[in-house]
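Examining the three-dimensional arrangement
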Amino acid sequence: MPTPLHGHFDYLPPAQGPLPPVGARVRVPFGRRRIVGLVVGHGQGSALPNARLKRIEAVLDETPLLDAPLLNLLRWAADYYHHPLGEVISAALPQTLRQGKLAIARGIERYHVTESGRTIAPDGLTRAPRQASVLRRLQANPEGITLEQLREGQDTDPRAALRALIDKGLVERHHRPCLEPPRDERPDAPALNAAQQAAISSITESLGGFTCHLLEGVTGSGKTEVYLHAIEQVLERGLQSLVLVPEIALTPQLLERFRQRLATPIAVLHSSLSDGERHCAWLSARSGEAGVIIGTRSAVFAPWARPGLIIVDEEHDASLKQQEGFRYHARDLAVMRGHREAVPVVLGSATPSLESLGNVERGQYRRIELPARAGGAVAPRLKVLDVRQQFMDEGLSTALLDAMQRHLDADGQVLLFLNRRGFSPALICHDCGWVADCHRCDARMTWHACARLLRCHHCGHETGLPARCPSCGSPLAPRGQGTERIEQALHKHFPQYPAIRIDRDSTRRKGSLESALAGVREGRYRILVGTQMLAKGHDFPNVTLAAILDADQGLFSVDFRAVERLAQTIIQVAGRSGRALRAGEVLIQTHQPDHPLLSSLLGGGYRAFARTALAERREATLPPYASLALLRAEAVDAQTPLAFLEQARDHLQTLSLPGIHPWGPAPAPMERRAGRYRAHLLLHAPRRQDLQRALGPWLTELARLPGARQVRWSIDVDPADLT
DNA sequence: AGCACGCCGACT
DNA sequence: GTCGGCGTGCTC
């Protein structure tokens, strides 16, 4: 049942008809509601007396919706992450199927205006206001919209009006099959280098059994080409491939490349699909009609008929770990799924996670390297800019400004990376020191000059700009740089070179990211400034200079993974430059030019950094040389969460489990967030099995602790983010 | 999570 | 006298 309750619920078989098989959905009475559940087992008796059992009211699937291997994977995941099975199953199903819609893919119906419907004035329909309103919506979307979209923001059923409009010949209904059919013509594949060929044979030779390959290739080394060839081999064997990518990388360009090259329908699963589209795509993955399933994190639970190959692209990417509710890691589950279903798994990255490198070290994963940049492109040169005691204009050092001028004058494009949205991360009073704080979080408000408001990036709270300092009445000044402010500074320094900002704020409108990227590719913009969005997934072949404006942020975090993320970001940003035949240049502004991380990264690249970082992790017995689980608690006051976690820690000690060390409890790094106080208790275990053995019994008891009712608490196994 | 029950405060 | 605030308890 889709509830946050552990365990299962027993029901009597339906009054008539066959017993629903394991993996089928049923509609059952549950409390005062009737909801959809999934059959996870059959039994002869129940722990409850028969009189208290209710009866299954309807069987929604004659055959299992989830096959045994997938359901067993979900069981394993529920167990490993200590999350209720009902919610795990919910996470694996599209909303339509969760709600009981039949498992039939009918394709997608779209409505659009006819030639006469396009030109007629809707105001003419004075006696039919609903038809007029529907007609207006359709005229605004001449390419057609679905019934679902038409219903949005409307409480009346538009179907009657649609029917009337169709009868009048103003509107037509069009049926689109669920999957785009494969293209008739495919372009020739580019020539492969020796490393790519070796990678492809290594993968294809492992088909039919489980092997985990770590495909390590710098940006531009042609990883995607390796994926495409491996997928073609899988298709030739009549099998399906499952491809996981970060949200940000699942762009129309990537899909277009897959569609051009692969002779199979492709099922796409990601968050901006409509319910109908997701329903369709999911079922076509399940039926085997789609030879390739490509999607973000939750696609790791996509069903398939003929398992062939699993690919996880950008396996180091943080978006693969779900950060709330059921906190699973899609990469780890992909590996487990490959293992259980006996298919090879390919983890691809230019900057592999230290976890995966640890698995290579242990002999668990097989490493494949793609050293050269495909097409003979030259690797970029990385250089640290020591900005200590240097004059900085709006966060830009003179050395950086000079370099930018040089590259711009030589017809290159320049990319500036700053992981901070808004105009300035703080607004302060120069006279008395007053700072605009968020009143719900332990954080400063960020000043957004474009939107003219102060916004908290942690809870979303917004306020207007105070005209004067509320404390002393003096004028207020923005302090520190965000992308908006850099963009403004660029207009001042390089008025002759058009600049564009690319971040979550500037691309909020649908299609604006695509048009911005097109503008960059066509050379309409010469300077790009932006956040993570710029670092991932997009190719900018004419960028010859990339700069990280503030590397210091990543060097002093409380989270031991921050340096790993910084190193990955630097290499990913560097990968944006020098992709054509020109050598790129990468500049890193920092106040810590001698930091060992930066030295190893610059001296020996990501490999050298990873060696240093792994040695440090081993020394400190941190992952991948230990396992962690994080117990979080929050409440409206500061004391209750800490008190609960202390009880939890004390209880753990009474269980006297070997090999488990409680670290904490302690207030969370940002203690107050969205008006709630948060605290952490970290469990550290050198051996994963010890942690797994301990968590079950411990968590069962936690719910009974006296403090448990006063806090919101949750467990995060293998936490990725300790803040 | 949802949903209902139940017990206190402020409105017609 | 009723509406509605959220604490508490239950879901086979």
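Residues numbered from 1 in each chain as written. Chains lettered and ligands numbered in written order. Predicted model: local features only at pLDDT ≥ 70, side-chain atom pairs only at ≥ 80, totals over all residues. Heavy atoms only, no water.

Note the following rule: UniProt positions are given in the numbering used here, feature names are shortened, and annotations may be inferred rather than shown by experiment.
Identification of chain A as Replication restart protein PriA from Ectothiorhodospira marina is taken from an unreviewed UniProt entry. Under the UniProt heading Function (unreviewed entry), the note attached to chain A is "Initiates the restart of stalled replication forks, which reloads the replicative helicase on sites other than the origin of replication. Recognizes and binds to abandoned replication forks and remodels them to uncover a helicase loading site. Promotes assembly of the primosome at these replication forks." A UniProt comment under Sequence similarities (unreviewed entry) is attached to chain A, and it reads "Belongs to the helicase family. PriA subfamily."

Concerning the packing of helix α18 (residues 562–574) against helix α19 (residues 596–619)
What counts, and what does not: An axis is simply a line fitted to the C-alpha atoms; with a helix, the fit covers only the stretch in contact. Between two such axes, the angle follows the N-to-C directions and lies from 0 to 180 degrees. Numbering goes from the N terminus for both helices and strands, where a helix is a DSSP run of H or I of at least four residues and a strand is a run of E of at least two. Should an angle fall under 35 degrees it is called roughly parallel, over 145 degrees roughly antiparallel, and 65 to 115 degrees roughly perpendicular, with every other angle called oblique. Note on convention: near helix rotated counterclockwise from far helix by under a right angle means a left-handed crossing. Clockwise means right-handed. Throughout, a residue-residue contact means that at least one pair of heavy atoms, one from each residue, lies within 4.5 Å. Classification convention: Asp, Glu, Lys, Arg as charged; Ala, Val, Leu, Ile, Met, Phe, Trp, Tyr, Cys, Pro as nonpolar; all other residues, Gly among them, as polar.
Two numbers describe how α18 lies on α19: the axes approach to 11 Å, and their chain directions differ by 150°. Comparing their axes, α19 and α18 come out roughly antiparallel. As α18 runs across α19, the sense of the crossing is left-handed. Judged by residue contacts, Val563, Glu564, Leu566, Ala567, Gln568, Ile570 and Ile571 of α18 engage Leu597, Leu598, Leu601, Tyr606, Phe609 and Arg617 from α19. Of the residues belonging to the contact of α18 with α19, the class tally is ten nonpolar, one polar and two charged.

A word on the sheet that holds strand β26 (residues 585–590)
Neighbouring strands of a sheet are bound in pairs by backbone hydrogen bonds; such pairs are parallel or else antiparallel. Condition: Only strands that DSSP links by at least two bridges are regarded as paired with each other.
Taken in spatial order, the six strands make up an open sheet running β14-β26-β25-β17-β24-β23, and their pairing is parallel. This sheet does not close on itself; its edge strands, each paired only once, are β14 (381–386) and β23 (499–502). Adjacent strand axes in the sheet meet at a mean angle of 20° when their direction is disregarded. Where strand β17 (residues 413–417) lies against strand β25 (residues 543–548), five bridges are found, and the strand directions are parallel. Its bridge partner being in β25, Val414 is matched across the sheet by Leu545. Sheet contacts for helix α16 (residues 512–521): β17, β23 and β24 (527–530); angle to β23, the most-contacted strand, approximately 145°.

A few points about the packing of aromatic side chains
This is how the line gets drawn: When two rings of Phe, Tyr or Trp (its six-membered ring) have centres within 6.5 Å they constitute a pair, described as stacked for plane angles under 30 degrees, edge-to-face for angles over 60, and tilted for the intermediate range. Exposed residues in this analysis have more than 50% of their type's maximum accessible area, buried residues have under 20%, and partly exposed residues fall in between, with area computed by a 1.4 Å probe over protein chains only.
Within this structure, the stated rule accounts for nine aromatic pairs. Both rings, one in Trp76 and one in Tyr80, keep their centres 4.9 Å apart while their planes meet at 10°; by these two values the pair is stacked. Placement of both Trp76 and Tyr80 in helix α1 (residues 68–80) is noted, with a separation of four residues, approximately one turn of the helix. The class of Tyr80 is buried, set by a relative accessible area of 9%.

Focus: the protein's contact with DNA strand C
Quick reminder of the rule: Throughout, the term near means that a residue has one or more heavy atoms lying within 4 Å of the molecule or strand in question. Definition of a polar contact: a pair of N or O atoms within 3.5 Å, with one able to donate and the other able to accept a hydrogen when the atoms are protein atoms, and with sequence-neighbouring residues admitted only if both atoms are side-chain atoms.
Every residue close to DNA strand C is listed here: Leu5, Phe9, Asp10, Tyr11, Pro29, Phe30, Gly31, Leu48, Arg52, Leu53, Lys54 and Arg709. Across the atoms of DNA strand C situated within 4 Å of the protein, the share located in sugar and phosphate is 52%. Residue Arg52 places a side-chain N or O atom 3.2 Å away from a phosphate oxygen belonging to DNA strand C. In terms of residue class, the surface near DNA strand C is made up of seven nonpolar, one polar and four charged.

Regarding helix α21 (residues 688–702)
Owing to its 3.6 residues per turn, the α-helix brings residues three or four apart onto one side. Convention followed: A helix's residues, less one, multiplied by 1.5 Å, set its expected span. The angle between axes fitted to the seven-residue stretch ending at a residue and the seven-residue stretch beginning at it gives the bend at that residue.
Taking 1.5 Å of rise per residue, the 15 residues of α21 would be expected to cover 21 Å, and the 21 Å separating its terminal C-alpha atoms lies within 8% of that figure. If you look at α21, its biggest bend is around 30°, right at Leu695, and the proline Pro697 turns up within four residues after that. For α21, the complete set of buried residues consists of Asp690, Leu691, Ala694, Leu695, Trp698, Leu699 and Leu702.

A short note on the domain arrangement of chain A
What counts is decided by this rule: Note that domain bounds follow an automatic or database assignment of domains.
When the domains of chain A are assigned, the result is domain 1 (25–98), domain 2 (108–176), domain 3 (194–375), domain 4 (377–420 + 481–616) and domain 5 (627–717). The distance between the C-alpha centroids of domain 2 and domain 3 comes to 41 Å.

Here we look at the nonpolar core
Using the following cut-off: For our purposes a nonpolar core is just a set of buried Ala, Val, Leu, Ile, Met, Phe, Trp, Tyr and Cys residues, chained together by side-chain atoms within 4.5 Å.
Residues Phe301, Leu631, Leu683, Leu695 and Trp698 are the most contacted members of the largest nonpolar core, which totals 114 residues. Among the elements that make up this core, the one with the highest residue count is α19 (eight residues). Residue contacts for Phe301: discarding those within four places in its chain leaves Leu70, Leu73, Leu74, Ala91, Ala92, Trp282, Phe326, Tyr328, Leu333 and Arg337. Core analysis: the next-biggest nonpolar cluster, separate from the first, contains 27 residues, Ile231, Phe258, Ile266 and Leu309 among them.

Here we look at the protein's contact with DNA strand B
All residues in the neighbourhood of DNA strand B are listed as Pro4, Arg32 and Arg33. Protein-adjacent atoms of DNA strand B, using a 4 Å cutoff, are sugar or phosphate at a proportion of 64%.

Regarding the pairing of strand β9 (residues 266–269)
Worth spelling out the cut-off: Handedness of a crossover is defined as follows: orient the strands so they point away from the viewer, and if the path from the first strand over the helix to the second runs clockwise, the crossover is right-handed.
Here β9 shows a buried face lined by Ile266 and Val268 and a second buried face lined by Ala267 and Leu269. Sheet topology places β9 next to strand β10 (residues 292–295); four bridges connect them, and they run parallel. Counterpart to Ala267 in the pairing with β10 is Ile293. Handedness of the β9-helix α11 (residues 275–287)-β10 crossover: right-handed.

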